[in-house]
Amino acid sequence: MGIAEQAGFSIAEKPGTKARHPKRMRGLAPIFAGFILPITLGLGWEIAVRTGVADGRLVPPPSRIFETVVELAQSGELLLHIKATCLRVLAGFSGGTLAGTLLGAIAGYSLLTRRLVDPTLQALRAVPSIAWVPLFILWFGIFETSKITLIAVGVLFPVYLGVLGAILSVDRKIVEVGRVFRLSPFALTRRVLLPSILPAYVVALRGGLGLGWMFVVAAEFMGASEGLGYLLVDGQQLGKPQQIVTAILIFAILGQASDWLLSTAAAPFLRWQDSFSTSD
Amino acid sequence: MLEAHQIRKTYPNGTVALHDVSLNVTAGEIVVIVGGSGCGKSTLLRVLSGLERPSAGWVSVDGARIEEPHPAVGMIFQEPRLMPWLTVRQNVGFGLSHLPKAERLARVDEVLARVGLADYGRRWPRELSGGQSQRVSIARALVTQPSVLLLDEPFSALDAFTRIELQDHLLELWAGSRQTLVLVTHDIEEAVALATRLVVLKPAPGRIATTFDVQLGQPRSRLSIAFGDEKRRLLAALDHSLSEFRAQVSG
């Protein structure tokens, strides 16, 4: 399974690309179609629990989940947990992106650095990142530093690989056009290299962000007093499945929303690539 | 005037791509370099452009040595090589970033009109046909007003009709500005249609086999007997240069 798939999106889908729908499902219809299955299942379960066909103790019906959301929101707890998790993801993602971009750029530019650094990074990449947890706890303690480091490590590799791969696959022929017009190394970077690696970079960032959300859960499992991962552990220990499902739903929403935010922010720069929606 | 003096190019693996190639091109000439594959014609053009350094010999344009790309020398490649993230207008203005915006836009629009793409300025490269893309790449090279324009098999990737159309278009542009053109091709008809002088290369190592002036005025009718005569003359020269090579290989 590739990083992109682990992170929950298809790599073939370019940011800002509109999917082609079959002719019978135009406009908003396909969006509604996606709601049919979950709503039917939810309603069915709700009815089953209310009529006593099932007891709903381990699998709470939607109304119980909704109650839990409202309770947690009213006590202000929900916001606290969301905020804690989001801040961790943000800090880890920023750190991992920064390190991954720098390392990828340096390794991409210089053959010597690539030969020196790439084998080590590839070897480290093969380590499942969760395996670092005990070491990070020893090194950084059980508080924020170890959590953010773990997320950053998870984000670092896809970003590093994305940047390195993008730089190595820059079209030599287009770089030559830059040479014909005597661009300085700085101008060549800004006007040719950066625009041509941007699409792959955005894909790498989205993959990294997806992994960031994965690792924040692992990080919060290793002992946290707040955060959505804490809600999960707490729900398990106190036997509150509705709290677990609530946290899972919020993860889904936050993951989708942050991915949407990222691809929307990048879309104006990738307009030239958007081949489906504008072609005639 | 473009001058190449005893150009040699030996690649690190020992392949001798060019051996003592000398060429003088006077201003306003259209020199077409013809030869089979592997005779170093593209290498020669890359040396003339300054993209590659010769192992020995030198190139100069109007007295200035060409050791790396030079503003007096423009280059058009086989592929359009447009930046997909820039609009047609931005692509054409790519080499003009040192100019103030108003002047840049004026020059870009003027040259776009000359290549017949005045209405295409806002398009993305992916929205253009192959012929249109190559016109944009010609416009991008023309807009900096180089005195020498080098063309590396510029029309070989196009279909036959578009190719003829663009050859005629190139001649129209040349009639207006009288830039020096050096064009590499393996298309005999293209060579005879465009050249004022033909340079035939022979392979292994790449050398000049023969050069001759084309005895035709412009415009040229591709159907005329004289055109056919020139084509046969060129074919004969090419055949001669290659048969020598074949004899060498088999002997």
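Just so you know, these numbers come straight off a predicted model, no measurement behind them.

Reading guide: rules and limits
- Residues numbered from 1 in each chain as written.
- Chains lettered and ligands numbered in written order.
- Predicted model: local features only at pLDDT ≥ 70, side-chain atom pairs only at ≥ 80, totals over all residues.
- Heavy atoms only, no water.
- Helix = DSSP H or I, 4+ residues; strand = E, 2+ residues; numbered from the N terminus.
- Buried < 20%, exposed > 50% of the residue type's maximum accessible area, 1.4 Å probe, protein only.
- Contact = heavy atoms within 4.5 Å.
- Areas by Shrake-Rupley, 256 points an atom, 1.4 Å probe, with all protein chains shown as cover.
- Phe/Tyr/Trp six-rings, centres within 6.5 Å; stacked < 30°, edge-to-face > 60°.
- Lys NZ or Arg CZ within 6 Å of the ring centre and 35° of its normal.
- Polar contact = N/O pair within 3.5 Å; in protein donor to acceptor, adjacent residues only side chain to side chain.
- Core = buried A, V, L, I, M, F, W, Y, C linked by side-chain atoms within 4.5 Å.
- Domains from an automatic or database assignment.
- Buried area = accessible area lost by both parts, 1.4 Å probe.
- Salt bridge = Lys/Arg side-chain N within 4 Å of Asp/Glu carboxyl O.
- Pairing = 2+ DSSP bridges.
- UniProt positions renumbered as here; feature names shortened; annotations may be inferred.
- Patch = residues over 30% accessible without salt bridge, like charges linked within 9 Å, V, L, I, M, F, W, Y side chains within 5 Å.

Caption draft 1: The arrangement of the overall build of chain A in detail. Tallying secondary structure elements over chain A gives twelve helices and zero strands in all. The helix and strand sequence of chain A, counted from the amino end, reads α-α-α-α-α-α-α-α-α-α-α-α. Within chain A, the fraction of its 280 residues that count as buried is 43%. The contacts of chain A with a sequence gap of at least 6 include a subset with a gap of at least 24, amounting to 73%. When the accessible surface of chain A is split by element, carbon and sulfur atoms take 69% of a total near 16,000 Å².

Caption draft 2: Molecular detail of the packing of aromatic side chains. Inspection of the entire model under this criterion finds seven aromatic pairs over all chains. Residues Trp132 of chain A and Phe136 of chain A carry aromatic rings whose centres are separated by 5.9 Å and whose planes lie at 10° to one another, so their mutual orientation is stacked. Each member of the pair, Trp132 of chain A together with Phe136 of chain A, is buried. A centroid spacing of 6.1 Å and a plane angle of 80° characterise the contact between Trp139 of chain A and Phe140 of chain A, whose relative ring orientation is edge-to-face. By relative accessible area, which is 35% here, Phe140 of chain A ends up partly exposed. Taken together through their ring pairs, the aromatic side chains of Trp132, Phe136, Trp139 and Phe140 of chain A make up a single cluster. We note Arg81 of chain B situated over the ring of Phe77 of chain B; from NZ or CZ to the ring centre the distance is 3.7 Å.

Caption draft 3: A look at helix α8 (residues 172–180) of chain A. When we look at burial in α8 of chain A, the residues that qualify are Ile174, Val175, Glu176, Val177, Gly178 and Val180 of chain A. Of the surrounding elements, those touching the buried residues of α8 of chain A are α9 (185–221) of chain A together with α1 (41–49), β6 (73–76) and α4 (130–142) of chain B. The opening residue of α8 of chain A is Asp171 of chain A, an N-cap whose side-chain oxygen sits 3.0 Å from the backbone nitrogen of Lys173 of chain A.

Caption draft 4: View of the nonpolar core. Counting 90 residues, the largest nonpolar core has Val192 of chain A together with Ile33 and Leu48 of chain B as its most contacted members. In this structure, this core is formed jointly by two domains, domain 1 (1–39 + 60–67 + 195–251) and domain 2 (73–146) of chain B, each of which donates at least three residues. If we skip the residues at most four places from it in the chain, Leu48 of chain B touches Leu2, Ala4, Val59, Ile66, Val73, Leu150 and Val182 of chain B.

Caption draft 5: Structural view of the interface of chain B and chain A. Across the contact, 21 residues belong to chain B and 20 residues belong to chain A. Carbon and sulfur atoms supply 64% of the area that chain B and chain A bury against each other, a total of about 2,100 Å² over both sides. It is Trp85, Phe94 and Arg126 of chain B in chain B that bury the most area against chain A; as a group they hold 34% of the surface buried on that side. Run the count over chain B and chain A and you get three salt bridges. In this structure, Glu176 of chain A engages Arg81 of chain B in a salt bridge whose closest nitrogen and oxygen atoms are separated by 2.8 Å.

Caption draft 6: Main features of the sheet that holds strand β4 (residues 56–61) of chain B. Spatially, β2-β1-β4-β5 (chain B) is the arrangement adopted by the four strands of the open sheet, whose pairing is antiparallel. Among the strands making up the open sheet, the edge pair consists of β2 (16–25) and β5 (64–65) of chain B.

Caption draft 7: Region of the structure containing the pattern of salt bridges. Within the structure shown, the criterion is met by 25 salt bridges over all chains. For Glu46 of chain A, the salt bridge identified is with Arg50 of chain A, shortest N-O distance 3.0 Å. Placement of the pair is Glu46 of chain A and Arg50 of chain A together in helix α2 (residues 29–50), with a separation of four residues, close to one helical turn. Among the residues examined, Arg50 of chain A registers a relative accessible area of 63% and is labelled exposed. Taking the shortest distance from any N to any O, the salt bridge between Arg172 of chain A and Glu176 of chain A comes out at 3.4 Å. Of this pair, Arg172 of chain A and Glu176 of chain A both sit in helix α8, four residues apart, which is roughly one turn of that helix. Among the ionic contacts, a cluster of salt bridges with common partners joins Arg172, Lys173 and Glu176 of chain A together with Lys9, Arg46, Glu52, Glu79 and Arg81 of chain B.

Caption draft 8: Focus on the UniProt feature "domain: ABC transporter" (unreviewed entry) in chain B. According to UniProt, the "domain: ABC transporter" (unreviewed entry) feature falls on residues 2–228 of chain B. In residues 2–228 of chain B, helix accounts for 31% and strand for 26%; the two terminal C-alpha atoms are 30 Å from one another.

Caption draft 9: Broad picture of a nonpolar patch on the surface. A surface patch of nonpolar side chains, amounting to about 540 Å² of accessible area, comprises Ile31, Phe32, Phe35, Ile39 and Leu43 of chain A. Given a relative accessible area of 52%, Leu43 of chain A falls into the exposed group.

Caption draft 10: Up close: unusual backbone geometry. Residue and element names in this part refer to chain B. Positive phi, normally seen in glycine, also occurs at Arg81, with a value near 50°. For Arg81, the position within the fold is in the loop between β6 and α2 (88–92). The phi dihedral of Arg178 falls on the positive side, at around 55°, and the residue is not glycine. Residue placement: Arg178 occurs in the loop between α5 (160–177) and β8 (180–185).

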